[in-house]
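Residues per chain, in single letters:
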Amino acid sequence: MFLLLRILFVVLLVLWAFFRWKEKSTAELRWQRRRHAVQWVAAGFALIMVIGLFIERLLS
């Protein structure tokens, strides 16, 4: 399960970098909004992974 979360996290980071590049190259506001949305989703995934790893170590 954590492998899937890590892969999704990396995909989100790549998406974030792509949206950042598009924002800088086109100066359109829609890329900034998309980047912020992906940033919050990636932060949520990171929080879930940290909490899950903490619980996993706590239970073992």
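Fair warning: this is a prediction, and the values are worked out from it, not measured in the lab. (Residues numbered from 1 in each chain as written. Predicted model: local features only at pLDDT ≥ 70, side-chain atom pairs only at ≥ 80, totals over all residues. Heavy atoms only, no water.)

Once that is clear, we can look at helix H2 (residues 29-59). Every α-helical turn comprises 3.6 residues, leaving residues that sit three or four positions apart pointing alike. Taking 1.5 Å per residue as the helical rise, H2 with its 31 residues ought to reach 45 Å, and the 45 Å between its terminal C-alpha atoms agrees with that figure. Each element contacted by the buried residues of H2 is listed here: helix H1 (2-26). (Helix = DSSP H or I, 4+ residues; strand = E, 2+ residues; numbered from the N terminus. Expected span 1.5 Å × (residues − 1). Contact = heavy atoms within 4.5 Å.)

To continue, consider the packing of aromatic side chains. For the structure shown, the criterion picks out 4 aromatic pairs. An angle of 85° between the planes, with centres 6.2 Å apart, marks the rings of Phe 18 and Trp 31 as edge-to-face. Remark: Trp 31 occurs in helix H2 and Phe 18 occurs in helix H1; sequence separation between them is 13 residues. Pairing Phe 19 with Trp 31 gives two aromatic rings, centres 5.7 Å apart and planes at 35°, and the pair type is tilted. Pair noted here: Phe 19 is in helix H1 and Trp 31 is in helix H2, with a separation of 12 residues, a long-range link. The residues Phe 19 and Trp 31 share a single accessibility class, namely buried. Through a chain of ring-to-ring contacts, three or more aromatic side chains come together here, namely Phe 18, Phe 19, Trp 21 and Trp 31. The ring of Trp 31 carries the charged tip of Arg 34 above its face, separated from the ring centre by 5.0 Å. (Phe/Tyr/Trp six-rings, centres within 6.5 Å; stacked < 30°, edge-to-face > 60°. Buried < 20%, exposed > 50% of the residue type's maximum accessible area, 1.4 Å probe, protein only. Lys NZ or Arg CZ within 6 Å of the ring centre and 35° of its normal.)

Applying the stated criterion across every chain yields a total of 2 salt bridges. For the salt bridge of Arg 35 with Glu 23, the shortest nitrogen-to-oxygen distance reads 2.7 Å. Taken together, the positions of Arg 35 in helix H2 and Glu 23 in helix H1 put the pair 12 residues apart, joining distant regions of the chain. Judged on exposure class, the residue Arg 35 and its partner Glu 23 are both buried. Here Glu 28 and Arg 30 are joined by a salt bridge, their closest N and O atoms 2.8 Å apart. On the basis of relative accessible area, Arg 30 is assigned to the partly exposed category, the value being 36%. (Salt bridge = Lys/Arg side-chain N within 4 Å of Asp/Glu carboxyl O.)

Everything listed is a geometric property; what it means functionally is a separate question.
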